[in-house]
Structure formats: structure tokens, C-alpha cells
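This is what each chain is made of:
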Amino acid sequence: MFDRDPLYLLGRPLLFSLTAERAHDVTMGVAQKVASHAGLLGFVRSRYGVRPSPILKQTVFGLPFDHPIGLAAGLDKDGMAIDFWPAVGFAFVELGTVTPGDGQPGNDKPRLERIVQGQGIVNRMGFNNRGAAHLAARLAARKTAVPCGANLGKGKATPLDRAPDDYEATLEAVWDHCDYVVVNVSSPNTPGLRDLQAVDSLAPLLDRVVAVNARRAKTAGKSPRPLLLKIAPDLADEDVDAIADLAVGHGMQGIIATNTTLRHELAARPPRIAGGLSGPALAPRALALTRRLFRRLDGALPIVGVGGIRSADDAYARLRAGASLLQLYTALVYEGPSLVKKIVKGLERRLSQDGIQSLTAIIGQDA
Ligand SMILES: Cc1cc2nc3c(=O)[nH]c(=O)nc-3n(C[C@H](O)[C@H](O)[C@H](O)COP(=O)(O)O)c2cc1C
């Protein structure tokens, strides 16, 4: 479908001969090696890097973005290869989800499955991570200047009524070293987590996070970190509206839509494991939800669109539906590291064909 990068065409059969999780671990090992070696990083940047483009530049929730494509949460949960992602073109990087203390091992394997027919992935990783303090140290040591976000979650063993304590602890740990913060209440693989999206649970949780953020900002003499809420695609439309209102009323600076879906009937074949489905099958719902959110928010907050984006056409449609920024994960697995550059070039082409001078002019045009 896409003219793939020859290097990735060589590597892909090898990676796809491994289990999905082993392939992930091998890829992360390579990314980490490259990130720590100036010469290799320079080679990767020269091959896959993206030049800043005036037409795609924006400031969103107070942060500068060279273009709208970022790495979605979950691929580099512990920030082991932070400097690698900008070298393959990403304009921003989201790390995590992290949980308090030393983190947790996540669910038993198998917990990751490729659905190759539909270019999808199903995962039930369960927030395997080394903890928020470890991520903070990785963020502190990064060299890249692109905005880096920390995505926060609750530990598996924490009861739901104590969830705000976990978000407070993780925010305390990462505050100094991240550029934005994501309150993740939408992963399907931590029992009960999505229940935090109910208005009665969400309001006190967001109030706590806002209070910690304000306190840390005051002590540091800096601006508060932009706070974003990441939501699930499986919410009813009325709940999406209620959450949008709540996010505006309770101090959020943006909404990320969406996490993975539990609707396995959307997959190209029945998945073998439980968990959340990502990739193109998720795109129609994520697109519709972006449109609905944009209408409801009416400009009050920017939207980060994620879910099944794998081409410049997808990206263009998601921006027109109302997203100011975009993220991807699954398409990177199937298309390889040249994908970001391809999407950015395609977006530039589309904008100049349509005679548009700035990306912001198209955001929400189809909503
Ligand atoms: C293996 C895997 C692990 C993920 N882990 C997280 C996570 O820890 N936190 C989170 O907010 N989203 C996580 N996600 C969801 C992605 O960030 C993204 O919202 C979703 O995959 C849809 O985008 P995509 O279709 O481009 O992959 C994960 C996705 C995958 C495939």
C-alpha cells in the first residue's frame, strides 16, 4: 500500500517472525542503542528526520510544535529511547503510562497480538512500567528539545477510591522534567480504570491533579504544566459531552481522543487475547469522536487526535475533524520509521494544493 523504506523492508520479516512482544523489545533495544550514540542518531536523523515547516508550525497549550505528528503513549513507557523518536521525525513524544513507586510488571504474557490482516494490534499490557521516578530521571537526561509529555495512571493494586493518590504521586515525581501531563483514565487493561471517566469520580480526580500542579508551579516559580485528559473510544456520545464539559470546568488544557477500543468485532479477525484494539479499525470511531468533541468544546480546549492514523489522508481528515495535534503508535509497527516523514510531506502537499497558508486554518473545518 505504501512505498516502504528499504531498510525497514529488510527488518520487518525478521521482526514479524518474532512474537509481538519480543519484536517490541528488540525494536526498543535498537532505538535505545541509537538514542545513546551520537553517530547512529545522526544517521537516523539524516535518513528519517523532518525539517521544521513554517506552514505546519503551531503553538498549542503554550508549547511549540514543528508539525502535528507525535508519538502516542505506551510504546516507550519508561522513556528508554526518548531522543530516538524526534530523530525519526516526531514533533512531540508522550512517555508512560507510568504508575507510582517502582512501577509494576503488568499482566501475564501473552499480552500483545498483531492482527496483520487489518494492520491492527490488541494489547492487554496492564501498565508494565518502572515507575514515575524512573521516567523522571530519563526525562531529565534527554537531549531533545521537542515537547515531551508524561502519561500518568493508577497502579493495579490501588483501589479506585484511592486513585487520586496515585495520580498525585506520579505527577509529583515527573513534574519538574515533563512539558505536559496526561491523566489517563481510558486504558482498558487496569480493572476499573475506565470507571474513573464517570463524572462523579472524574471531577475530584481532576481537582486533585490541578491542585498539585498549581502547588508545584508556585514552588518552582514556573507556569503550571498543561494538563490533558485521555479518553476511551467506547464512551456513549452523551458521556463524551459530559466529559468535555468537565474537562473545561475542571482545569484541563486539552483532551486526547482516543485510547484503544474493547470492540473486538471491529478487528479483521477474532483476537486471541483480551485487551484493547488499535489501528485502522479504530479510526472511524476516533474520527467521529474528535468531531463531536470539537463541536462540544467550541474552541475551549484543543484536541489531540489518535487512533488508526497511518497516512497523510488520515491525518488531514483528523485535523479537519477538529484535532490540533495527532499521535500514532500502531501504524509505526506496520509501516516503519519513514512513516512520520511521509505523513508530514503529504500534509504539506495537501495544504499547498488547497492554497492554505497555515495548518490552523483547517482545524475543525469538517466538524
Ligand atoms: C501495545 C500498546 C500499548 C499501549 N499503552 C498505552 C499506555 O500505556 N497508555 C496510554 O495512554 N495509551 C496506550 N496505548 C494506546 C495508544 O497510545 C493509542 O491511544 C492507541 O493505540 C490508538 O492509536 P494507534 O491506532 O495509532 O495505535 C497503547 C497502545 C498499544 C498498541
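The structure displayed is predicted, hence computed values, not measured ones.

Visitor: Just checking my understanding: could you explain the overall build of the protein chain for this structure?
Guide: Summing up its helical and strand segments, the protein chain has twelve helices and 13 strands in all. For 367 residues, the compact-globule formula gives about 21 Å, and the C-alpha radius of gyration of the protein chain, at 19 Å, lands near that figure. Seen through its principal axes, the protein chain has C-alpha atoms that stretch 50 × 50 × 45 Å. Counting the 367 residues in the protein chain, one finds 52% classified as buried. The long-range fraction of contacts in the protein chain, counting pairs at least 24 apart against all pairs at least 6 apart in sequence, stands at 75%.

Visitor: When you look at the pairing of strand β13 (residues 323–328) in this model, what are you seeing that I'm missing?
Guide: As a general feature of sheets, a regular strand has side chains that alternate between the two faces. Within β13, six of the six residues are buried, which leaves the element mostly enclosed by the surrounding structure. With three bridges joining them, strand β3 (residues 69–71) and β13 adopt parallel strand pairing. Note on β13: the bridge partner recorded for leucine 71 is leucine 328. Here strand β12 (residues 303–306) runs beside β13; their pairing, made up of four bridges, is parallel. Its bridge partner being in β13, isoleucine 303 is matched across the sheet by alanine 323. Viewed along the sheet, the connection from β12 through helix α10 (residues 312–321) into β13 turns out right-handed.

Visitor: Just checking my understanding: could you explain the site of the ligand for this structure?
Guide: Contacts to the ligand come from 27 residues, most closely from Ala72, Gly74, Ser278, Tyr329 and Thr330. When contributions to the shell around the ligand are tallied by element, the ones reaching two or more residues are β6 (120–123) and α11 (330–335). Broken down by class, the residue content of the shell around the ligand amounts to twelve nonpolar, 13 polar and two charged.

Visitor: Would you mind showing me how to read the nonpolar core here?
Guide: General note: in soluble globular proteins, nonpolar side chains tend to be found buried as a group. Formed by 108 residues in total, the largest nonpolar core has its most connected members in Phe90, Val174, Leu228 and Ile255. Ranked by the residues each element gives to this core, the list is headed by helix α9 (residues 283–297), at seven residues. What phenylalanine 90 contacts, discounting residues up to four positions off in sequence, is Ile69, Gly70, Leu71, Trp85, Val146 and Val340.

Visitor: How do you make sense of the packing of helix α5 (residues 132–140) against helix α6 (residues 163–174) when you look at a structure like this?
Guide: When two helices pack together, you describe them by how their axes are tilted relative to each other and by the distance separating the axes. Closest axis-to-axis distance for the α5/α6 pair is 8 Å, and the angle between their directions is 25°. The orientation of α5 with respect to α6, classified from their angle, is roughly parallel. Where α5 crosses over α6, the handedness of that crossing is right-handed. Across from Ala132, Ala133, Leu135, Ala136 and Leu139 in α5, the residues of α6 making contact are Ala169, Thr170, Ala173 and Val174. Considering only residue class, the contact of α5 with α6 consists of eight nonpolar, one polar and no charged.

The rules behind these values
Residues numbered from 1 in each chain as written. Predicted model: local features only at pLDDT ≥ 70, side-chain atom pairs only at ≥ 80, totals over all residues. Helix = DSSP H or I, 4+ residues; strand = E, 2+ residues; numbered from the N terminus. Rg over C-alpha atoms; globule rule 2.2 N^0.38 Å. Buried ≥ 20, exposed ≤ 12 C-beta atoms within 10 Å, placed from the backbone. Contact = placed C-beta atoms within 7 Å. Pairing = 2+ DSSP bridges. Right-handed = clockwise from strand over helix to strand, strands pointing away. Near = placed C-beta within 6 Å. Nonpolar A, V, L, I, M, F, W, Y, C, P; charged D, E, K, R; others polar. Core = buried A, V, L, I, M, F, W, Y, C linked by C-beta atoms within 7 Å. Axes fitted to C-alpha atoms, helices over the stretch in contact; angles between N-to-C directions. Parallel < 35°, antiparallel > 145°, perpendicular 65-115°, else oblique. Left-handed = near helix turned anticlockwise from the far one by under 90°.

These values are about where atoms sit, not about what they do.
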